[in-house]
Each structure stands twice: as structure tokens, then as C-alpha cells.
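Residue-level structural notes
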Amino acid sequence: MENNVKFQVRDLDLYYGDFQALKKINMDIMKNQITAFIGPSGCGKSTFLKTINRMNDLIEGVRIDGTIHMDGVNIYKDIDVINLRSRVGMVFQQPNPFPMSIYDNVAYGPRIHGIKKKSQLDEIVEKSLRQAAIWEEVKDKLKKNAQAVSGGQQQRICIARTLAVGPEVILMDEPTSALDPISTLKIEDLAEELKDKYTIIIVTHNMQQASRISDKTAFFLHGEVVEYGETSQIFNNPKEQKTEDYITGRFG
Amino acid sequence: MTRHLFMQELRELNQNVIRMGSLLEKSINDVIVALEKLDASLATEIIKNDDAIDDLEHQIERECIAMIAKQQPLATDLRKVTSIMKIVTDVERIADHCADISEYIIVLTKQSNVIAPKNLKEMVNVMKSMVIETIDSFVEVDGAKANQVIAKDDIVDNYFASISNELTEIMQGNKEAIPACVSYLMIIKYLERMADHATNIAEWIEYIITGTMIEGN
């Protein structure tokens, strides 16, 4: 059981100056599963997601207490950020392809990591685009500017770009909120396929999306994890009244 | 409070289930009187009234499907809407059995050597109390009451076994009484099934309240 834990989070607090954004987070995130974080805006779910590949370190005034271990290694102490981020990739809410060709977008990471040989880059680009379920749509226009394709395609190119550096974990911060329903379902199918090889953590405002694709769901409120459990249990029979009120849409 | 429309729809759904329960209660009360007095005209009326319960069942099912499609209920709401779809099927079956028993009441009025089994009245009363308590437990969202119903199912099963034996003995001793005994045998089978359906409903009410599914009969 212990071996299936990818991230072990213990007593994690995060402060923006005087404001405490995360309060005593304790969570085991499982390997090769999709874990969804849900909760209202400002509840801390995206902040927590960013702590997993240390994107909060750059923000002035941020203080973090507690620990996050990945495969038993403390990611705030015993690993450098560059290494961490090559292992923990991130996909954002707005598709953010670089203003360059589709090929160069996907090859960007591997090139930074020192791969120069064209045949090797070709292979990585094709493999990543295939894994991101977009190869068939773009294989004849790899030189086209990545910003000139549809939003749904851009997002899958961004996922391919993430996959190209061979991560173990993919963090997704509302990856489909800017996409139409068909593109959304393509990304969801893709996440489902990718979880065999990767650990996926997704922040979503779309409750149906969390219930459709995730294995485990955590409900955040005011910087705390109110409830964390099997997705079917959370959506069918939550233990906490606050979770019930949120997912059934009862506020005020 | 958010989701005004949905909450209004849930209230209306609840009201319709309670309406269906009231119609069922009336059918059961009538069938008990008709069975005791072997009243063919009341039995005919019960058969006629069954259509109203069928119509309400279909209406409630359509409302549940529409709510799932339009409102995507979750948690307690999901359990309530899906359980109600199951509950109305059992309510409709119990009402069907009121009509089935009524058919045999009409048959019995034309048969000779009719002797009501000794414990029939007791069996009917336990079954009735189960149905009434089931309806009450739904209205009052009372899990303890639902569990009382579940516990009573064995009592009805025992009556079914003892009355079957009694009827068998009557038939062995008096050939002339066989047709009437067969009618009563059918009637007690329906009564036993009605208690099973009441138990099913009680189990769904328990599921609405706790989220736990009980292994049923």
C-alpha cells in the first residue's frame, strides 16, 4: 500500500504574508490514479496544487511549513527545483503554447535538457503528440504556429509539451475551463489513458468532471481539506455536511 | 439559498410520492374491508382505482428522469431521486397486489365452502402496519421506523407458512373446500409479496438517509 503513495503531504501550512492560505494539509496522493481537488474559488486548491511542483516559492512573502515527500524524498529539501519540475509537469487553465511551431513547442523541453539530435527529437515529438491524442490532427502541420490552432488542440499540444520531458506526475489546473464540451471530453479521455503511466492531479470547478474522471476527490474550503476519499463515496455519500452542501449546490 | 428551482422540484417530487402513498393506503384499507366482508363491489372499485396509482408512478418516473437530466443531482439529492424511482415501482406493485387480491375476492364470493383461515386477519394487519410505517418513515425521513418495517418481514413470512399449512390441512379433509382454499392461498401469497415490497421501500428509505444499501429479500 505504502508503495502506491506518490506524494505524502504532512501538516502543510502556507502563508501569503500574514494570510494563511493552507492549513494543516495531510494527504496521501496515489500513484497512477487521478486525484481531483474541488472547492470554491479561494479555497486553496490551486495554491496546494502549485506547492506540489514548488511554483509558490517564487512568490514574495510566501512561507511554507510542513512537508511534501515524493516517493519518500522531501521535495522542499532534498531535490532541486529544476529536477522536480521535469518530473512534475503542469498544464494550466488557459492553453499557453509558446509563439512558435507545434514541433518546437513539444521539442522545447527536451532541447533544454540537452537533446539536440534531430531523429531523437522527431521521435519524442511524435510520441508525445500521440500520447496527447493529437498526432493525427497535426502530423501534417508540425511547422504551423501552435497558437493558430483551436483552443482544444492548443491544450493537447501543451499536454504533449509536458509529456515530452518524461514527467512522472501531471498537474492540471482547470485544464478544460476554457474549452468547448467536445475538447473537454477529449482531455478527460486523455487523462484516463495517461493515468496508467502517470500520476495525475486535477483542479476543477466542474463537479461532473471530477466525478467522471477521478479516482479520489479532495474537497477544500477556507484552506483546509474538509474531506478526502474515493470519488464515488464523495459524490454519493459524503461524510461531511460541508461537502454535501458544496456538491449539492446549497449555499447561503 | 441557491438552487431554488431544483429545491422546488424536489419538494413537488416528494409531495407526489406522498400522494401515491395516500392512494395506496386507501387501497389497502379497502382491500382489508373487502376481504373480511367478501364485498365484490368494493373489490371492483379497488381494481378500478389502480389506474390512478399507475399514472402517478409514470409521472414520478418521468419527473425523476427529467431531474437527473437537467439538475444532475449529487449526494443526498442523487440518493433521493434514484431511490424514489425504485420506491414507486414497489408502491405500484403493492397496489397491483391489492387489485390481484380483489380479483380473488370476487372469485371467493362465487365459491362455496368458504372458510377464512384463522390467522388471515393478523397477517393482513402486520402487512398493513408495514406499509403504513413505510409511508410514514418516508414522510418523516425516519430511519428507525424504516428499520422496524424491515424487521417485521419475517413475521409475515411466518404467517404465510402457517396459513399455508392450515389451508393444506383443510383441503386434505374437505375436497369441496379446495377451490376456496386455492383462492386464499393466492391471496396470502400476494400479502406476503406486499410485505416484501414494503421491506424494499424501507431499505431504499434507509439508503436515502444513510447511503448504505441493505442486502434485501
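Counting of residues starts from 1 at the beginning of each chain's written sequence and follows it residue by residue. Chain letters and ligand numbers both follow the written order, the letters beginning at A and the numbers at 1. This being a predicted model, a pLDDT of at least 70 is required before a residue's local features are given, and a value of 80 or more before pairs of side-chain atoms are given or counted; all residues contribute to the totals for chains, interfaces and linings. Here the side-chain values reflect all heavy atoms present in the structure, with hydrogen atoms and water set aside.

To continue, consider the overall build of chain A. What chain A contains, in helices and strands, is ten helices and ten strands. Only C-alpha atoms enter the radius of gyration, while the globule expectation follows 2.2 Å times N to the 0.38, with N the number of residues. Taken over C-alpha atoms, the radius of gyration comes to 18 Å for chain A, in line with the 18 Å a tight globule of 252 residues would show. Here the C-alpha coordinates of chain A stretch approximately 55 × 40 × 35 Å along the principal axes. Here chain A holds 252 residues, and the buried ones make up 52% of them. Any two residues whose heavy atoms approach within 4.5 Å are treated as being in contact. If you take every contact in chain A between residues at least 6 apart in sequence, the share linking residues at least 24 apart comes to 67%. The way it works is that DSSP assigns letters per residue, a run of H or I at least four long becomes a helix, a run of E at least two long becomes a strand, and they are numbered from the N terminus. Any residue under 20% of the maximum accessible area for its type is buried, any over 50% is exposed, and the rest in between are partly exposed; the area is computed with a 1.4 Å probe on protein chains only.

This part covers the interface of chain B and chain A. Counting residues at the interface gives 16 residues for chain B, matched by 13 residues for chain A. With both chains or domains summed, chain B and chain A bury close to 1,200 Å², and 44% of this area falls on carbon and sulfur atoms. When the buried surface of chain B facing chain A is broken down by residue, B:Met1, B:Leu74 and B:Ala75 rank first, second and third, together holding 41% of it. We count a salt bridge whenever a side-chain nitrogen from Lys or Arg sits within 4 Å of a carboxyl oxygen from Asp or Glu. Linking chain B with chain A are one salt bridge. A salt bridge links B:Asp77 to A:Arg250, with the shortest nitrogen-to-oxygen separation between them at 2.9 Å. Polar contacts here mean pairs of N or O atoms no more than 3.5 Å apart (in protein, one a potential hydrogen donor and the other a potential acceptor; neighbouring residues in sequence count only if both atoms are side-chain atoms). At the surface where chain B touches chain A, the tally comes to nine residue pairs in polar contact (both at pLDDT 80 or more). Contributing elements (two or more residues each) for the side of chain B that touches chain A: helix H1 (4-37), helix H3 (75-109) and helix H6 (178-210) of chain B. Three residue categories are used. Nonpolar comprises Ala, Val, Leu, Ile, Met, Phe, Trp, Tyr, Cys and Pro, charged comprises Asp, Glu, Lys and Arg, and polar comprises the others, including Gly. When its residues are assigned to classes, the side of chain B that touches chain A shows eight nonpolar, five polar and three charged. Accessible surface is computed with a 1.4 Å probe, and the buried area is the amount of it that two parts give up when combined, taken over both parts together.

As a further point, take the side chain of A:Thr217. Residue and element names in this part refer to chain A. Mapping Thr 217 onto the fold places it in strand E9 (residues 216-221). The exposure class of Thr 217 is buried, given its relative accessible area of 0%. Of the polar contacts made by the side chain of Thr 217, one reaches the side chain of Ser 214; its length is 3.2 Å. Residues contacting Thr 217, with those up to four places away along its chain left out, are Ala 36, Ile 38, Glu 227, Tyr 228, Gly 229, Thr 231, Ile 234 and Phe 235.

This next bit is on helix H1 (residues 45-52) of chain A. Judged by how many residues are buried, H1(A) sits mostly within the fold: seven of eight residues are covered. At the C-terminal side of H1(A), A:Arg54 shows a positive phi close to 60°.

Residue and element names in this part refer to chain A. The strand order E2-E1-E4-E5 describes an open sheet built from four strands, whose pairing is antiparallel. The strands lining the two open edges of the sheet, one partner per strand, are strand E2 (19-30) and strand E5 (73-74). Pairing between strands is defined by DSSP: at least two bridges between them are needed. For strand E4 (residues 62-70) and E5, the ladder comprises two bridges, and the chain directions are antiparallel. Residue Met 70 lies in a different strand from E5, and its bridge partner there is Val 73. Every angle, taken between N-to-C directions, lies between 0 and 180 degrees, and every axis is a line fitted to C-alpha atoms, over only the stretch in contact when it is a helix. Taken strand by strand, H1 contacts strand E1 (5-16), E2 and E4, and its axis lies near 60° from that of E2.

The subject of this paragraph is the UniProt feature "domain: PhoU" (unreviewed entry) in chain B. Under the local residue numbering, the UniProt record ascribes the feature "domain: PhoU" (unreviewed entry) to residues 18-105 and 120-205 of chain B. The annotated region residues 18-105 of chain B carries 94% helix and 0% strand content, and the separation between its end C-alpha atoms amounts to 28 Å. UniProt positions are given in the numbering used here, feature names are shortened, and annotations may be inferred rather than shown by experiment.

Once that is clear, we can look at the nonpolar core. Residues and elements named next belong to chain B. Buried Ala, Val, Leu, Ile, Met, Phe, Trp, Tyr and Cys residues form a nonpolar core when they are joined through side-chain atoms within 4.5 Å. Membership of the largest hydrophobic core comes to 63 residues, with the highest contact counts inside it found for Ile 28, Ile 60 and Leu 191. Of all the elements in the fold, those that place two or more residues in this core are H1, helix H2 (40-71), H3, helix H4 (120-140), helix H5 (143-173) and H6. Top contributing element to this core by residue count: H6, with 16 residues. Setting aside chain neighbours within four positions, we find Ile 28 in contact with Ile 94, Cys 98, Met 127, Lys 128, Val 131 and Met 194.

This part is about the confidence of the model for chain B. Per-residue pLDDT for chain B has a mean of 95; in total, 99% of the residues score no lower than 70. At the level of chain-chain contacts, confidence expressed as ipTM amounts to 0.79, with global pTM at 0.87. Every residue gets a pLDDT, meaning the predictor's confidence in that residue, from 0 to 100.

Okay, unusual backbone geometry next. What is expected of a backbone is that most residues other than glycine have negative phi and most peptide bonds are trans. One non-glycine residue, A:Glu174, adopts positive backbone phi at about 45°. As for its position among the elements, A:Glu174 is in the loop between strand E7 (169-173) and helix H7 (181-194). Of note, the phi angle at B:Arg3 is positive, near 60°, even though the residue is not glycine.

As a further point, take the pattern of salt bridges. Residues and elements named next belong to chain A. Considering all chains together, one arrives at 27 salt bridges over all chains under this definition. In this structure, Arg 130 and Glu 126 form a salt bridge, with 2.9 Å as the shortest nitrogen-oxygen distance. Within this pair, Arg 130 and its partner Glu 126 are both found in helix H4 (residues 118-131), separated by four residues, close to a single helical turn. The closest approach of N and O atoms between Lys 195 and Asp 215, which form a salt bridge, is 3.0 Å. Here Lys 195 is found in the loop between H7 and strand E8 (199-203), whereas its partner Asp 215 is found in the loop between helix H8 (207-213) and E9, with 20 residues between them in sequence. One salt-bridge network, held together by shared partners, links Lys 6, Lys 31, Asp 71, Arg 87 and Glu 168.

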